[in-house]
Structures are given as structure tokens and as C-alpha cells.
Amino acid sequence: MDSEQHRFAAMHATTIILVKKAGETVIAGDGQVSLGQTIMKGNAKKVRRLGKGDVIAGFAGATADAFTLFERLESKLEQYPGQLMRACVELAKDWRMDRYLRRLEAMMLVADKSVGLVLTGSGDVLEPEGTGEGAVAAIGSGGNFALAAGRALLDSSLDAETIARRAMVIASEICVYTNQNVVVEKI
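As the structure is a computational prediction, the values presented were derived from the model and not from experiment. (Residues numbered from 1 in each chain as written. Predicted model: local features only at pLDDT ≥ 70, side-chain atom pairs only at ≥ 80, totals over all residues. Heavy atoms only, no water.)

This part takes up the environment of Ser122. Looking at the element boundaries, Ser122 is found in the loop between strand 9 (116–119) and strand 10 (125–126). Here Ser122 falls in the partly exposed class, since its relative accessible area comes to 46%. C-alpha separation for the pair Ser122 and Arg96, spaced 26 residues apart in sequence, amounts to 6.4 Å. (Helix = DSSP H or I, 4+ residues; strand = E, 2+ residues; numbered from the N terminus. Buried < 20%, exposed > 50% of the residue type's maximum accessible area, 1.4 Å probe, protein only.)

Before going further, it helps to examine helix 2 (residues 63–79). Compared with the 24 Å implied by 1.5 Å per residue over 17 residues, the 24 Å span of helix 2 between its first and last C-alpha is a close match. Every buried residue of helix 2 is accounted for by Asp65, Ala66, Thr68, Leu69, Phe70, Leu73, Lys76 and Leu77. (Expected span 1.5 Å × (residues − 1).)

What follows covers the sheet that holds strand 3 (residues 24–29). A sheet is described by the order of its strands in space; here four strands give the open sequence 11-2-3-12, paired in antiparallel fashion. Two strands close off the open sheet at either side, each with one partner strand: strand 11 (134–140) and strand 12 (183–186). Between one strand axis and the next, the sheet turns through 15° on average, direction left out of account. Of the strand pairs in this sheet, strand 3 and strand 12 are connected by four bridges, and their pairing is antiparallel. Residue Gly29 lies in a different strand from strand 12, and its bridge partner there is Val183. Against the sheet, helix 5 (residues 143–154) engages strand 2 (15–21) and strand 11, with an angle of about 165° to strand 11. (Pairing = 2+ DSSP bridges. Axes fitted to C-alpha atoms, helices over the stretch in contact; angles between N-to-C directions. Contact = heavy atoms within 4.5 Å.)

What follows covers the UniProt feature "active site" (unreviewed entry) in the protein. Per the UniProt entry, the sites bearing "active site" (unreviewed entry) are Thr14 in this numbering. Thr14 gets classed as buried once you look at its relative accessible area, which sits at 2%. Thr14 has contacts with Asp30, Gln32, Lys46, Phe59, Ala60, Ile139, Gly140, Ser141, Gly142, Tyr177 and Thr178, leaving out every residue within four places of it along the chain. (UniProt positions renumbered as here; feature names shortened; annotations may be inferred.)

Set out below in C-alpha cells:
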């Protein structure tokens with residue numbers, strides 16, 4: 001394992017989930033920041049509002065990289081107001097083409113009233129596949145656990161926020177890099 005691989009092997013992400021149900025969209029994330037086997041912080045805020053407050057976003061990955069991407073996305077939202085999909089596609093193009101941005105280690109979930117998206121450093125802008133009941137997407141080290149829990153709860157009578165919170169609790173009980181200090185933003 002070379003030094004670059006070793007450096008990234010020591011860093012662990014978080015858990016971020018997006019739930020769309022009954023006209024409501026929620027992004028929730030835990031607060032744990034881990035470096036190797038050490039919890040560096042337990043109450044980080046990885047979910048926030050962007051732009052004029054009409055877009056919510058959460059990140060998994062390196063914090064400085066995520067803030068850079070948040071700033072770039074806000075810039076794109078100013079360029080393309082009310083067009084989250086277009087702003088994200090333009091950000092993804094920059095992320096792939098710009099030499100500096102290509103090195104950023106983060107993933108994002110973003111949403112507005114009409115669309116929820118997963119953004120990756122490999123240029124992906126993905127809309128989660130939904131059912132008649134809604135849609136769920138999740139990222140980070142506990143993302144697959146939260147995704148499975150969210151999908152299992154989607155056809156219940158629970159609202160989007162309750163599903164997101166329960167899925168985060170389940171993920172935190174399985175993934176050592178996820179805690180129960182959950183921050184939620186809702187549109």
C-alpha cells in the first residue's frame with residue numbers, strides 16, 4: 001500500500017441520508033468525525049442549507065473539500081437560479097475537468113423542492129431511484145446501512161423525517177464511524 005492509499009485508508013467518512021416522501025424532502029447526517037480509530041469530534045454539522053435557503057445539502061468525506069464544493073455549488077446556484085439539476089451538472093463538469101477539484105475527496109447529497117441528487121467526484125449526478133412511495137439515497141461509510149433501513153421504512157406510515165432519523169439510528173448501531181448526533185434539514 002503506497003503512502004497515498006495509506007492516508008485515505010486511515011480516514012473514514014460519515015453517514016448522510018436523503019429521504020423523499022409525500023412531497024417532503026429531508027437530508028440527515030450524523031456528527032462524527034473520525035481519523036483512523038479515533039473520534040475527533042462528535043457534533044460536526046455536515047448538513048446545511050445553501051443558496052437562499054431553498055437547497056439542502058449534506059456531505060461525506062474531507063471537510064475542507066466539502067466546503068469547497070459547497071461554495072462552488074452556491075456559485076453555480078447563483079448562475080442558474082431555481083435550476084438545481086443544471087447547477088449540479090455544471091459543478092460535476094468542473095469537478096471532473098479542473099485539476100484542483102479532481103483531487104477533492106467528498107460526496108454530496110443535495111435537494112430542493114423538486115429533485116434530490118447524489119454528486120460524486122467521478123462526475124456522477126444521480127437522481128435516486130424511487131418507488132410509488134418515495135425515494136432514498138445515502139452516502140458515507142454507513143450509507144449502505146442507512147439506505148437499507150430507509151428503503152425498508154419507506155412504505156410505512158412514517159413521514160420522511162422520521163424515516164431519516166430511524167435509518168440514521170440503525171446505521172449508527174452498525175457503523176463505528178457514525179454516531180447518533182443527527183442534524184436534519186427539511187424542504
